[in-house]
Amino acid sequence: MPTKTASNTSDGFSAAERAAMKERAAELRAEGKKGAKKADGLQAVLDAIEKMAPEDRALAERVHVTVTATAPDLAPKTWYGMPAYANEDGKVVVFFQDSGKFSYRYSTLGFQDTARLDDGDLWPTSYALQQWTPAVEKKVVALVKKAIA
């Protein structure tokens, strides 16, 4: 059984995880007042991207441009402080998690259960993203198209 370190808390969440949950709670409170307007969601996404480290910011900007061009009906919003894109019901379909969010070695492009990526009994729902290339862009476009089909 692992021993607890000074960085662990009794609830098992890291400081970064607690901060992400607080961000999500603030987002939900803001949506509850009048609902998030698309313009407000877009500004929140742009603000979240601006706070990222340069390498993550470059990836997030490319993801943002690609998702909004491929699926203009998805509404930009933040989700746990991360750039995300939601369907008409407000449910997140795709999101970008920068490597700095939880000190991972790579950024992640992820899809929620609202994405229609089903392929038999097992399929990927998140992808490590380290560099933006034409091949990566082509794959992201295909995944987003399939997710909203």
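Okay, so let's go over this structure.

Conventions we followed
Residues numbered from 1 in each chain as written. Predicted model: local features only at pLDDT ≥ 70, side-chain atom pairs only at ≥ 80, totals over all residues. Heavy atoms only, no water. Helix = DSSP H or I, 4+ residues; strand = E, 2+ residues; numbered from the N terminus. Buried < 20%, exposed > 50% of the residue type's maximum accessible area, 1.4 Å probe, protein only. Contact = heavy atoms within 4.5 Å. Areas by Shrake-Rupley, 256 points an atom, 1.4 Å probe, with all protein chains shown as cover. Core = buried A, V, L, I, M, F, W, Y, C linked by side-chain atoms within 4.5 Å. Pairing = 2+ DSSP bridges. Axes fitted to C-alpha atoms, helices over the stretch in contact; angles between N-to-C directions.

### A few points about the overall build of the protein chain
Across its full length, the protein chain carries four helices and five strands. The burial tally for the protein chain puts 34% of its 149 residues in the buried class. Considering only residue pairs separated by 6 or more positions, the protein chain has 48% of its internal contacts joining residues 24 or more positions apart. Accessible surface, the protein chain: about 9,400 Å² in total, of which carbon and sulfur atoms supply 54%.

### Re the environment of W123
One can find W123 in the loop between β4 (107-111) and β5 (126-129). Look at W123 and you get partly exposed, because its relative accessible area is 30%. Ignoring sequence-local partners within four residues, the contact set of W123 consists of L117 and D118.

### Details of the nonpolar core
The nonpolar side chains of a soluble globular protein tend to be buried, and buried together. By size, the foremost hydrophobic cluster in this structure holds 23 residues, and its most contacted members are V63, V67, L74, V94, F96 and F111. For this core, the elements supplying multiple residues, two or more each, are α2 (38-50), α3 (54-70), β3 (92-97), β4 and α4 (134-148). Setting aside chain neighbours within four positions, we find V94 in contact with V67, L74, A84, Y85, L109, G110 and F111. Among the nonpolar cores identified, the runner-up in size contains five residues, and W79, A84, V92 and F95 belong to it.

### Describing the sheet that holds β5
Sheet strands pair by backbone hydrogen bonding; their relative direction is either parallel or antiparallel. Strand order in this open sheet of five strands is β1-β2-β3-β4-β5, and the pairing throughout is antiparallel. Every other strand in the sheet has two partners, leaving β1 (75-79) and β5 as the edge strands with one partner each. Sheet twist, expressed as the mean angle between neighbouring strand axes with direction ignored, is 20 degrees. Pairing of β3 with β4, which is carried by four bridges, proceeds in the antiparallel orientation. Bridge pairing links V94 to F111 in β4. On top of the sheet, α3 reaches β2 (82-86), β3, β4 and β5; it is set at about 160 degrees to β3, its chief contact.

Structural measurements only, silent on function.
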